Protein chains: 2
Amino acid sequence: MARVRISDVAAAAGVSTATVSLVLNNRTARISDATRDRVRQAATEVGYTPNSVARGLRTQRSHTIGLISDRIATTPFAGRMLAGAQDVAREHGHLVFLVDTDADETVEREAIRALADQQVDAMIYACMWHRVVDAPASLPRGTVFLDCRPAGGGFPAVVPDDRAGGVSAVRALVAAGHRRIAYLDVDEPHPPVASDLRHRGYLEVLSEAGIDPDPALHVRGDTSSAGGRAATDRLLDLPEDRRPTALFCFNDRMAAGAYVAAHRRGLRIPQDLSIVGYDDQQLVAAELDPPLTTVALPHYEMGRWAMEVALGIRTPDDPGAPHLMPCPIVDRDSVGPPPATAASDSRRRT
Amino acid sequence: MARVRISDVAAAAGVSTATVSLVLNNRTARISDATRDRVRQAATEVGYTPNSVARGLRTQRSHTIGLISDRIATTPFAGRMLAGAQDVAREHGHLVFLVDTDADETVEREAIRALADQQVDAMIYACMWHRVVDAPASLPRGTVFLDCRPAGGGFPAVVPDDRAGGVSAVRALVAAGHRRIAYLDVDEPHPPVASDLRHRGYLEVLSEAGIDPDPALHVRGDTSSAGGRAATDRLLDLPEDRRPTALFCFNDRMAAGAYVAAHRRGLRIPQDLSIVGYDDQQLVAAELDPPLTTVALPHYEMGRWAMEVALGIRTPDDPGAPHLMPCPIVDRDSVGPPPATAASDSRRRT
DNA sequence: CTGAAAGCGCTAACAA
DNA sequence: TTGTTAGCGCTTTCAG
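As recorded in an unreviewed UniProt entry, chain A goes by the name LacI family transcriptional regulator, listed as coming from Cellulomonas humilata.

### A word on unusual backbone geometry
All names here are of chain A. Look at the link from Ile 269 to Pro 270: it is a cis peptide, with omega at 5°. Mapped onto the fold, Pro 270 is located in the loop between α10 (252-264) and β9 (274-279). Positive phi outside glycine occurs at Asn 26, with the angle close to 60°. With respect to the helices, strands and loops of the structure, Asn 26 is situated in the loop between α2 (17-24) and α3 (33-46). Located in the positive-phi region is Asp 102, a residue other than glycine, with phi close to 60°. With respect to the element layout, Asp 102 can be found in the loop between β2 (95-100) and α6 (105-117).

### Some details on the protein's contact with DNA strand C
Around DNA strand C lies a shell of 24 residues, among which Ile 6, Tyr 48 and Arg 58 of chain A together with Thr 19 and Arg 58 of chain B are the nearest. What you see for DNA strand C is that sugar and phosphate hold 71% of its atoms within 4 Å of the protein. Secondary-structure elements contributing two or more residues to the surface near DNA strand C are α2 and α4 (52-59) of chain A together with α2 (17-24) and α4 (52-59) of chain B. With four residues, the single largest contributor to the surface near DNA strand C is α4 of chain A. Here the surface near DNA strand C is composed, by residue class, of nine nonpolar, ten polar and five charged.

### Let's talk about the packing of helix α9 (residues 225-236) of chain A against α10 of chain A
All names here are of chain A. Axis separation between α9 and α10 bottoms out at 6 Å; the angle between their running directions is 50°. Looking at the two axes, α9 sits oblique to α10. The interaxial crossing formed by α9 with α10 has right-handed handedness. Contacts from Ser 225, Gly 228, Arg 229, Thr 232, Asp 233 and Leu 236 of α9 reach α10 at Arg 253, Met 254, Ala 256, Gly 257, Ala 258, Val 260, Ala 261, Ala 262 and Arg 264.

### Some details on the domain arrangement of chain A
Residue and element names in this part refer to chain A. What the domain assignment lists for chain A is domain 1 (6-50), domain 2 (64-160 + 300-325) and domain 3 (163-297 + 329-349). Taking only C-alpha atoms, the centre of domain 2 and the centre of domain 3 are 32 Å apart. Taken together, the contact between domain 2 and domain 3 spans five residues of the former and six residues of the latter. Both faces combined, the contact of domain 2 with domain 3 buries some 530 Å², and carbon together with sulfur accounts for 73% of it. On the domain 2 side of the contact with domain 3, Phe 77, His 130 and Pro 160 bury the most area, a combined 70% of that side's loss. On the surface where domain 2 and domain 3 come into contact, there are zero salt bridges. Counting across the domain 2 and domain 3 interface gives zero residue pairs in polar contact (both at pLDDT 80 or more). With three residues, the single largest contributor to the side of domain 2 that touches domain 3 is strand β3 (residues 122-133).

### Notes on the pattern of salt bridges
Residue and element names in this part refer to chain A. One pass over the full model with this rule turns up 52 salt bridges over all chains. A salt bridge links Arg 220 to Asp 185; the nearest nitrogen and oxygen atoms lie 3.3 Å apart. With Arg 220 in strand β7 (residues 218-221) and Asp 185 in strand β6 (residues 181-186), this pair connects stretches of sequence that are 35 residues apart. Residue class for Arg 220 comes out partly exposed when judged on its relative accessible area of 34%. For the salt bridge of Arg 314 with Glu 308, the shortest nitrogen-to-oxygen distance reads 2.9 Å. Salt bridges sharing partners connect three or more residues here, namely Glu 91, Arg 304, Glu 308 and Arg 314.

The rules behind the values
- Starting afresh in each chain, residues are numbered from 1 along the sequence in its written order.
- Numbering of ligands from 1 and lettering of chains from A proceed in the order in which they are written.
- Restriction of local features to residues with pLDDT of at least 70 applies here, the model being predicted, together with a cutoff of 80 or more for giving and counting side-chain atom pairs; totals for whole chains, interfaces and linings are based on all residues.
- Neither water nor hydrogens contribute to the side-chain values; these are computed over all heavy atoms in the structure.
- Put simply, DSSP marks the helices as runs of H or I at least four residues long and the strands as runs of E at least two long, and each gets a number from the N terminus on.
- Residues are counted as near a molecule or strand when any one of their heavy atoms sits within 4 Å of it.
- Basically, the charged four are Asp, Glu, Lys and Arg, the nonpolar ten are Ala, Val, Leu, Ile, Met, Phe, Trp, Tyr, Cys and Pro, and anything else, Gly included, counts as polar.
- Structural elements are reduced to axes, namely lines fitted to C-alpha atoms, with helices fitted over the stretch in contact, and the angle between N-to-C directions of any two is expressed from 0 to 180 degrees.
- Note on terminology: angles under 35 degrees are roughly parallel, angles over 145 are roughly antiparallel, angles of 65 to 115 are roughly perpendicular, and the others are oblique.
- For any pair of crossing helices, the crossing counts as left-handed if the nearer helix is rotated counterclockwise from the farther one by less than a right angle, and right-handed if it is rotated clockwise.
- The contact definition used throughout considers only heavy atoms, calling two residues in contact when any of these lie within 4.5 Å.
- Either an automatic procedure or a domain database provided the assignment from which the domain bounds are taken.
- As used here, buried area is the combined drop in accessible area, with a 1.4 Å probe, of two parts when they are placed together.
- We define a salt bridge as a side-chain nitrogen of Lys or Arg found within 4 Å of a carboxyl oxygen belonging to Asp or Glu.
- Pairing of N or O atoms within 3.5 Å defines a polar contact, subject to two protein rules: one partner must be a possible hydrogen donor and the other a possible acceptor, and residues neighboring in sequence count only if both atoms are side-chain atoms.
- Here the term buried applies to any residue with accessible area under 20% of the maximum for its type, exposed to any over 50%, and partly exposed to those in between, with areas from a 1.4 Å probe on protein chains only.

So this is what it looks like as structure tokens:
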């Protein structure tokens, strides 16, 4: 049960601990091949494996990263960020401490201290959604912000490129022939930054397509299935010539609600109404009938990026600004050409 | 930027490092009140906070727990287990290393070694679903199994009480007056243990209610929305007097598929068909229309339990057998009395 | 009641 | 090419 130490290897190989250390760390430059092999064999024979704590105390590097998050670990949503961060850490021989603070400031402060006391080599501060946050004062410099941006800057950060994601979504709709495209936005006192960014993308595409934005098509609702359904109902209650033929939804849950509203009126997707979501949320986007075309959040890639800069493997291109990670569109079956009646620039046929 | 050490505090307080250590660890028995206060004040003044690595090296306790999982951290499903484990760890001043192995044996082996090298005080081995697993040979004794059971025993373990969960689900249906109750089971070559356990619960309730189990009502399908829909279609294709009035589904996604199948035939839930799911999966159970009555998996509680035994705060009641955690039923709106035509023991009225 | 000194397991100067 | 020694920052006897 007792761990075998470097001195056991030294004894077994008949050399000093210093030699063992050199060999095992591949500082093998000035070691004879014979002793090198002897040491290596002795090490495997006695089953030696170095004590990282002792090594860390001596070298001042723990090969350990602290990842603090509001609740990405304990919530369904952004777990792929962890996967990305983990993978990079593992590829480089690091272990990660994970702390979910539940957005409690006291817990957060204590977590930062505990991680610092454990001598982590770096920290990552992650949020479940793209947000602007006040960086806790005790955060060490160089801490990487993941899926959030520190209000005052000063830290490397990576966030999704929500504007470009909005562009991709609406372009897909325009490319299918739609011209009356609604944006189902969030309805909150302090909307997430993504809300505005995606809206900007939406407006950009309308502009480049020569479409006058209709304010009546920018509706808001709760970011839930129910909210999406209610917002869609309002849209579908518009007179037929002002009614949208396509919906760009802030997220997939709202899109799911839009499906319900459409089905209740006997509208088929995408024949009668095209829909694009956002998030590519498992259990929602792919399970809908028909499967939802949506914009994916690059959680895994952001996680990798953050860990790479935390480990010093990568340096942010522009240290001043957050790194914008592209949001790829996932083409499924909820987008089609507008219905014939609406296609000819909202002129009725019957 | 340089960390302040215990010797800095000692200097500031005009005492030896030993005294500082004693005071800060509340071994204050044989220390005068005066120096105690002086040391404490000096410590806060210089902003001292002990180096856990150095302390761990000396005391042989790292206040660190390793949590190895197949993929609970990076997948939507069982994250609440982490929350439970985390909370307990934090309440007791421990930090947790999280490693997702993606069920890769090599990764797993290396993770175990890395955690051992980091001198973790204990390990938890967690699975995303209730499974029977072969314990990796290198796992230290005393490792706690979370949401899985080691094939050979020999480790403390906690799993959901799936049999009792099946009982609760089917009892709810029987209590509502149903007698023709189907079980939508998993269709896999190696079904999860929960499949059989829930089926046992199902049979138990039928037996206690004096209902003869009808093999035609035990159907199988893919554990997905599509699978649930297909299985339900087969059930609803039965002649009316053999058709079930209620469905107990292996999971919420299958239940979601059952909703689709029912809706396509114009059947209302729960007026025409009652449905109970399993998992209480966020974004599925609560978002369905009407909200799904289901059995919740006690992820959070299992996570707490596992960490409590890992920390030695709790001892398993019966060290031989896995601890069975109750699965509470979550009553929502998908269960009602059977339709009148079927109520009188499957006799047609028209 | 407090201080001196040893040592946790390892690595890095410096000697030999 | 290898060994000796010191020391990372802390806790813990053991003296005083």
